[in-house]
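Here's the letter readout for the chains.
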Amino acid sequence: MQKYTFPKDFIWGVATAAYQIEGAHNVDGKGENIWDRFTSIPGNIYKNHNGNVACNHYNLYEKDIEIMEELGIKNYRLSISWARIFPKGYGEINQKGLDYYKRLINTLISKGIKPAVTLYHWDLPQHLQDMGGWANRKVIDYFVEYAELMFKEFGDVVPIWITHNEPWVVSILGHAWGVHAPGIKDYKTALQVAHNILLSHGKVVKLYRSMNLKGKIGITLNLSSTHPLTDDEKDVRAAEVYDGFLNRWFLDAVLKGTYPEDMVKLYREQNILPEYTDEDMSIISEKIDFLGINYYTRSVLKYDENAYPLKASLVDLENPKTDMGWEIYPQGLYELLTNIHHNYGGVDILITENGAAFNDIVNYKGKVVDDYRIDYLYRHLREAHRAISEGVNLRGYYLWSFLDNFEWAEGYAKRFGIVFVDYKTQQRIVKESAYWYSNVIKNNSLCE
Ligand SMILES: OC[C@@H]1[C@@H](O)[C@H](O)[C@@H](O)c2nc(CNc3ccccc3)cn21
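Residues numbered from 1 in each chain as written. Predicted model: local features only at pLDDT ≥ 70, side-chain atom pairs only at ≥ 80, totals over all residues. Heavy atoms only, no water.

1. Observations regarding the overall build of the protein
The line we're drawing: We count a stretch as a helix when DSSP gives it H or I for four or more residues in a row; a strand needs E for two or more, and each element gets its number in order from the N terminus. Each radius of gyration is computed over the set of C-alpha atoms, and the globule rule expresses the reference value as 2.2 Å times the number of residues to the power 0.38. Relative accessible area decides the class of each residue, using a 1.4 Å probe on protein chains only: under 20% of the type maximum gives buried, over 50% gives exposed, and in between gives partly exposed. The contact definition used throughout considers only heavy atoms, calling two residues in contact when any of these lie within 4.5 Å. To measure how exposed things are, a 1.4 Å probe is used in the Shrake-Rupley method; for residues, cover is taken only from the protein chains shown. Positive residues here are Lys and Arg, negative ones are Asp and Glu, while His and the chain termini are left out of the count. A single reference atom marks each charge: NZ on Lys, CZ on Arg, CG on Asp, CD on Glu.
In terms of regular secondary structure, the protein is built from 15 helices and 15 strands. Rg of the C-alpha trace for the protein: 21 Å, near the compact-globule value of 22 Å for 448 residues, within the 12% margin. By residue count, 60% of the 448 residues in the protein fall in the buried class. Considering only contacts within the protein whose residues lie at least 6 apart along the sequence, 76% involve residues at least 24 apart. Accessible area of the protein: about 17,600 Å², with a carbon and sulfur share of 48%. The positive charge centre, built from 49 side chains, and the negative charge centre, built from 58, are 4 Å apart in the protein.

The structure is reproduced here in structure tokens:
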């Protein structure tokens, strides 16, 4: 029987995000955020679902942490809700919000679970959106103020910090395609938002360094290996352009301090190039301790004369897919990890999200036998192991997600958790994948 053993100190974790699990959307002084607003507008979300209650983790966090402990989970990636701390995004501090995160983080640590904190997982205080949101450079300063308070409060006990989760999604889905909050549809705004978010990332990394804190800080990017549909040169170019749009724009900025020339040229021609300075780029590329990667699937591209602004369209192949309609393509994780290792100086990598949605059901025994999810996780972890065996500095893996939760535009229709949540009763049911993952953690290895 083949056994894939991981490095001795490999980080095995699970991940969630505040808006997707906490609920308590207007409790204990929390301010409104852009997802509270976006979900309140009929038609934006599947069946008009919202995060008002979600998994009620705000009140059930102790029970959820007990489940983590029972499963032997030692690392937990969570995000902090900015509007719980600063209801208006800056200025007055909401002590009850701060106290919640003190309880949560202290409980984790008391159980021997190391927190990895994401400062921004899409939930901008609405008051800041009312002044232009991330398109307004002033919001950068407010993000630094928020980060400084978090570092002062938790910098000594939180060993891993992630400035931003997926600036590409915030920028493109939230400001170009309009399918995420705040629902803007303008590419020039979207690319300025992406730049300002990256600039806020760099400023917060510099702040973290100035405070002489002992942990590690990085950023999480959603990345996908890109493939042309055919070897026709137009399809090949389409895949290159999409790789620049999704991957290289962010990787080059953060790890090389430059935007990729081919994309700068394309965006300038399309009159959507953001405004930026050399100083901005120097700040953005402040050295990070790790790159967080969220990988779910690959991207297959074809040339499309009518596709704005890239003349490239994603292709939906008839291959096995998850419930999100995303192709199951584990080797794409290997491709991504090795490409980044070779092209970006061997930067330390954490997989900060990988997982799958499937249409889970509770069987007559009250169990969730999610073999499809186990298969997805096994195949991706085997590719991760292959990359490590070839020298990639992959230091850890956070499974998305610990709990079924609010899946943004899809609401509660999509279940990513290794713990099932009955939203009517808030009962938790540990899925078979959780027991499988518990064994992977215990053995620090995969067994065929
Ligand atoms: O969709 C699953 C998760 C989501 O729940 C997380 O909050 C988010 O960090 C996340 N990012 C991706 C990958 N990127 C992506 C692509 C298209 C739409 C939404 C996200 C998947 N996921």
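The structure having been displayed, the exposition proceeds.
2. With respect to the pairing of strand β3 (residues 75-79)
Of all the 5 residues making up β3, 5 are buried; the element is thus mostly covered by neighbouring parts of the structure. Going residue by residue along β3, you find Asn75, Arg77 and Ser79 tucked away on one face and Tyr76 and Leu78 tucked away on the opposite face as well.

3. A closer look at the UniProt feature "active site" (unreviewed entry) in the protein
Operational definition: UniProt positions are given in the numbering used here, feature names are shortened, and annotations may be inferred rather than shown by experiment. In protein, a polar contact requires one atom able to donate a hydrogen and another able to accept it; more generally it is a pair of N or O atoms within 3.5 Å, and residues adjacent in sequence count only if both atoms are side-chain atoms.
In this numbering, the UniProt entry assigns the feature "active site" (unreviewed entry) to Glu166 and Glu353. The greatest C-alpha distance among the residues just named is 10.7 Å, despite their covering 188 residues of sequence, which places them together in space. Non-local contacts of glutamate 166, meaning those with residues more than four positions away in its chain, are made with Trp122, Thr220, Leu221, Asn222, Asn294 and Glu353. Note on placement: glutamate 353 falls in strand β11 (residues 349-354). Reaching out from glutamate 353, the side chain makes a polar contact with the side chain of arginine 77 at a distance of 3.0 Å.

4. Observations regarding the sheet that holds strand β7 (residues 226-228)
The following threshold applies: A pair of strands is treated as paired once DSSP finds two or more bridges between them. Interaxial angle, 0 to 180 degrees, is taken between N-to-C directions of lines fitted to C-alpha atoms, where a helix line uses only the stretch in contact.
Taken together, 3 strands build an open sheet; the order of strands is β7-β9-β10 and the sheet is mixed. Both edges of this open sheet fall to β7 and β10 (312-314), since each of them pairs with a single strand only. Pairs of neighbouring strands in the sheet enclose a mean axial angle of 40°, with direction left out of account. Sheet analysis places strand β9 (residues 299-303) next to β10, joined by 3 bridges and oriented antiparallel. Across the sheet, the residue bridging to lysine 302 is serine 313, located in β10. Its contacts with the sheet put helix α10 (residues 233-256) on β7, β9 and β10, and the angle it makes with β9 is roughly 130°.

5. Focus on the site of the ligand
Test applied: Whether a residue is near a molecule or strand depends on its heavy atoms: if one lies within 4 Å, it is near. Any residue outside Ala, Val, Leu, Ile, Met, Phe, Trp, Tyr, Cys, Pro, Asp, Glu, Lys and Arg is labelled polar, Gly included; the first ten of those are nonpolar and the last four are charged.
Contacts to the ligand come from 16 residues, most closely from Gln20, His121, Glu166, Glu353 and Glu407. Within the side chain of histidine 121, a nitrogen or oxygen atom sits 2.8 Å from an oxygen atom of the ligand. At 3.0 Å, a side-chain N or O of asparagine 165 approaches an oxygen atom of the ligand. Expressed as a share of its isolated accessible area of 460 Å², the protein-covered part of the ligand is 88%. Here the shell around the ligand is built from residues that sort into 8 nonpolar, 5 polar and 3 charged.

6. Description of the side chain of serine 433
Counting through the fold element by element, serine 433 comes out in helix α15 (residues 432-443). Classification of serine 433 as buried rests on a relative accessible area of 0%. A polar side-chain atom of serine 433 sits 2.5 Å from a polar atom in the side chain of aspartate 370.

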